[in-house]
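# Architecture at a glance
Take a look at the letters that make up each chain.
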Amino acid sequence: MDYQKVTTKDILIIGNKSELSFLTNVEGTGSLARQFMPRLQEITNRVGTYSFSIQKYNTFDIKTMTPETRFEKWIGVVVSDLNSIPENMESLIIPGGDFLVFPFQGSVSNFIEFWQQLHNEWLPNSIYQLDNRPHFEKLPAGYNPMRVDNQEEIWIPIK
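## Here we look at the pattern of salt bridges
Per the counting criterion, the structure on display carries eight salt bridges. In this structure, the salt-bridge partner of Arg-133 is Asp-131, at a minimum N-O distance of 2.8 Å. On the basis of relative accessible area, Arg-133 is assigned to the buried category, the value being 9%. Asp-131 sits in the partly exposed class, given a relative accessible area of 22%. The structure contains a network of salt bridges with shared partners spanning Lys-17, Lys-56, Glu-72 and Glu-90.

## Considering the environment of Ser-107
Among the secondary structure elements, Ser-107 is positioned in the loop between strand S6 (97–105) and helix H2 (108–122). Not counting residues up to four positions away in its chain, the partners in contact with Ser-107 are Arg-147 and Val-148. A polar contact is formed between the side chain of Ser-107 and the side chain of Asn-110, at a distance of 2.8 Å.

Calculation criteria
Counting starts from 1 at the beginning of each chain's written sequence and moves along it residue by residue. Given that this is a predicted model, residues contribute local features only at a pLDDT of at least 70 and side-chain atom pairs are listed and counted only at 80 or more, while totals for whole chains, interfaces and linings are drawn from all residues. Excluding hydrogens and water, the side-chain figures rest on all heavy atoms present in the structure. Should a side-chain nitrogen of Lys or Arg be within 4 Å of a carboxyl oxygen of Asp or Glu, the pair is scored as a salt bridge. Buried residues are those whose accessible area, probed at 1.4 Å on protein chains only, stays under 20% of the maximum for their type, while exposed residues exceed 50% and partly exposed ones sit between those limits. For the purposes of this entry, the term helix denotes a DSSP run of H or I that reaches at least four residues, the term strand denotes a run of E that reaches at least two, and both are numbered from the N terminus. Between two residues, a contact is recorded if the distance between any of their heavy atoms is within 4.5 Å. The definition of a polar contact used here is a pair of N or O atoms within 3.5 Å, where within protein one atom must be able to donate a hydrogen and the other to accept one, and adjacent residues in sequence count solely through side-chain atom pairs.

Printed below as a string of C-alpha coordinates:
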(Lines give C-alpha, C1' and ligand atoms only; values in the text may rest on other atoms or scores of the structure.)
Protein backbone atom coordinates (compact mmCIF):
# COMPACT_ATOMS: atom_id res chain seq x y z
CA MET A 1 0.00 0.00 0.00
CA ASP A 2 1.39 3.37 -1.03
CA TYR A 3 1.79 5.92 1.77
CA GLN A 4 4.08 8.52 3.29
CA LYS A 5 4.75 9.43 6.90
CA VAL A 6 4.13 13.14 7.66
CA THR A 7 4.75 15.10 10.85
CA THR A 8 2.54 18.16 11.41
CA LYS A 9 2.10 20.97 13.88
CA ASP A 10 -1.40 21.54 15.27
CA ILE A 11 -3.96 21.93 12.48
CA LEU A 12 -6.56 24.64 13.12
CA ILE A 13 -9.99 23.94 11.62
CA ILE A 14 -13.18 25.96 11.27
CA GLY A 15 -16.24 24.01 10.23
CA ASN A 16 -19.44 22.25 11.19
CA LYS A 17 -19.81 19.06 13.18
CA SER A 18 -22.40 16.42 13.97
CA GLU A 19 -22.53 13.17 15.92
CA LEU A 20 -22.80 10.27 13.46
CA SER A 21 -22.37 6.52 13.33
CA PHE A 22 -20.98 4.36 10.54
CA LEU A 23 -24.61 3.71 9.55
CA THR A 24 -25.40 7.42 9.20
CA ASN A 25 -21.97 8.60 8.00
CA VAL A 26 -22.66 8.93 4.27
CA GLU A 27 -25.96 10.79 4.68
CA GLY A 28 -24.73 12.85 7.64
CA THR A 29 -21.51 13.87 5.91
CA GLY A 30 -23.49 14.99 2.86
CA SER A 31 -25.76 17.06 5.07
CA LEU A 32 -22.79 18.71 6.82
CA ALA A 33 -21.14 19.48 3.49
CA ARG A 34 -24.34 21.06 2.13
CA GLN A 35 -24.50 23.28 5.24
CA PHE A 36 -20.83 24.23 5.21
CA MET A 37 -19.57 24.51 1.63
CA PRO A 38 -21.86 27.37 0.50
CA ARG A 39 -20.44 29.46 3.36
CA LEU A 40 -16.72 29.09 2.58
CA GLN A 41 -16.39 32.76 1.62
CA GLU A 42 -17.27 33.71 5.22
CA ILE A 43 -13.99 32.21 6.43
CA THR A 44 -11.56 35.07 5.90
CA ASN A 45 -8.45 33.40 7.36
CA ARG A 46 -8.56 30.19 5.32
CA VAL A 47 -5.26 28.53 4.42
CA GLY A 48 -5.14 26.64 1.11
CA THR A 49 -7.97 25.32 -1.04
CA TYR A 50 -8.54 21.89 0.51
CA SER A 51 -11.52 20.93 2.64
CA PHE A 52 -11.32 18.32 5.37
CA SER A 53 -13.66 15.46 6.29
CA ILE A 54 -12.74 14.65 9.89
CA GLN A 55 -13.65 11.81 12.23
CA LYS A 56 -13.02 12.34 15.94
CA TYR A 57 -13.45 8.97 17.68
CA ASN A 58 -13.69 8.49 21.44
CA THR A 59 -11.41 5.48 21.00
CA PHE A 60 -10.54 3.88 17.69
CA ASP A 61 -10.50 0.08 17.93
CA ILE A 62 -11.47 -1.62 14.70
CA LYS A 63 -12.08 -4.89 16.58
CA THR A 64 -14.84 -3.44 18.76
CA MET A 65 -16.40 -0.99 16.29
CA THR A 66 -19.87 -1.75 14.97
CA PRO A 67 -22.10 0.01 12.43
CA GLU A 68 -23.69 1.80 15.43
CA THR A 69 -20.37 3.14 16.79
CA ARG A 70 -20.78 6.89 17.21
CA PHE A 71 -18.17 9.56 16.52
CA GLU A 72 -17.91 13.29 15.94
CA LYS A 73 -17.87 14.15 12.23
CA TRP A 74 -16.53 17.48 10.94
CA ILE A 75 -16.49 19.19 7.56
CA GLY A 76 -14.11 22.13 7.63
CA VAL A 77 -11.09 23.97 6.33
CA VAL A 78 -7.67 24.87 7.70
CA VAL A 79 -7.29 28.41 9.03
CA SER A 80 -4.35 30.51 10.17
CA ASP A 81 -5.91 31.30 13.56
CA LEU A 82 -9.15 30.88 15.50
CA ASN A 83 -9.78 34.60 16.06
CA SER A 84 -12.66 34.94 13.61
CA ILE A 85 -15.22 32.12 13.58
CA PRO A 86 -18.36 32.73 11.52
CA GLU A 87 -21.73 32.42 13.25
CA ASN A 88 -23.00 28.82 13.57
CA MET A 89 -19.53 27.37 12.87
CA GLU A 90 -17.10 25.91 15.36
CA SER A 91 -13.38 25.38 15.75
CA LEU A 92 -11.33 22.23 16.17
CA ILE A 93 -7.62 21.78 16.83
CA ILE A 94 -6.17 18.58 15.40
CA PRO A 95 -3.12 18.00 17.60
CA GLY A 96 0.13 17.84 15.70
CA GLY A 97 2.15 14.67 15.41
CA ASP A 98 2.82 11.85 13.01
CA PHE A 99 0.34 10.73 10.37
CA LEU A 100 0.36 8.11 7.66
CA VAL A 101 -0.97 9.67 4.46
CA PHE A 102 -2.51 7.34 1.87
CA PRO A 103 -3.42 8.61 -1.60
CA PHE A 104 -6.84 7.39 -2.73
CA GLN A 105 -8.65 7.65 -6.03
CA GLY A 106 -12.17 6.33 -6.57
CA SER A 107 -15.82 6.47 -5.60
CA VAL A 108 -17.37 6.42 -2.14
CA SER A 109 -17.96 2.65 -2.38
CA ASN A 110 -14.29 2.15 -3.36
CA PHE A 111 -13.31 4.36 -0.41
CA ILE A 112 -15.22 2.19 2.08
CA GLU A 113 -13.52 -0.94 0.73
CA PHE A 114 -10.07 0.73 0.85
CA TRP A 115 -10.69 2.07 4.39
CA GLN A 116 -11.72 -1.39 5.66
CA GLN A 117 -8.69 -3.06 4.08
CA LEU A 118 -6.41 -0.37 5.51
CA HIS A 119 -7.72 -0.78 9.08
CA ASN A 120 -8.49 -4.52 9.13
CA GLU A 121 -5.46 -5.84 7.26
CA TRP A 122 -2.69 -3.37 6.49
CA LEU A 123 -2.36 -1.43 9.79
CA PRO A 124 -2.50 -4.46 12.12
CA ASN A 125 0.34 -6.04 10.10
CA SER A 126 2.42 -2.86 9.91
CA ILE A 127 5.02 -1.46 12.30
CA TYR A 128 2.70 1.47 13.15
CA GLN A 129 0.39 1.98 16.10
CA LEU A 130 -2.69 4.21 15.92
CA ASP A 131 -2.81 7.34 18.04
CA ASN A 132 -5.99 8.67 19.64
CA ARG A 133 -6.26 11.85 17.53
CA PRO A 134 -8.72 12.73 14.77
CA HIS A 135 -8.52 10.89 11.46
CA PHE A 136 -9.29 12.89 8.32
CA GLU A 137 -9.51 13.03 4.58
CA LYS A 138 -8.02 15.98 2.72
CA LEU A 139 -10.25 16.81 -0.25
CA PRO A 140 -9.33 19.02 -3.22
CA ALA A 141 -11.44 21.97 -4.37
CA GLY A 142 -14.33 20.74 -6.50
CA TYR A 143 -14.48 17.37 -4.75
CA ASN A 144 -17.69 15.47 -5.50
CA PRO A 145 -18.31 12.17 -3.66
CA MET A 146 -20.32 10.78 -6.59
CA ARG A 147 -17.39 10.90 -9.01
CA VAL A 148 -15.38 7.73 -9.62
CA ASP A 149 -12.19 9.70 -10.34
CA ASN A 150 -12.00 11.49 -6.98
CA GLN A 151 -8.50 12.01 -5.62
CA GLU A 152 -7.99 12.57 -1.93
CA GLU A 153 -5.64 11.83 0.92
CA ILE A 154 -6.47 9.67 3.92
CA TRP A 155 -4.62 10.82 7.06
CA ILE A 156 -4.27 8.27 9.90
CA PRO A 157 -2.72 9.42 13.23
CA ILE A 158 0.12 7.26 14.56
CA LYS A 159 2.37 7.33 17.61
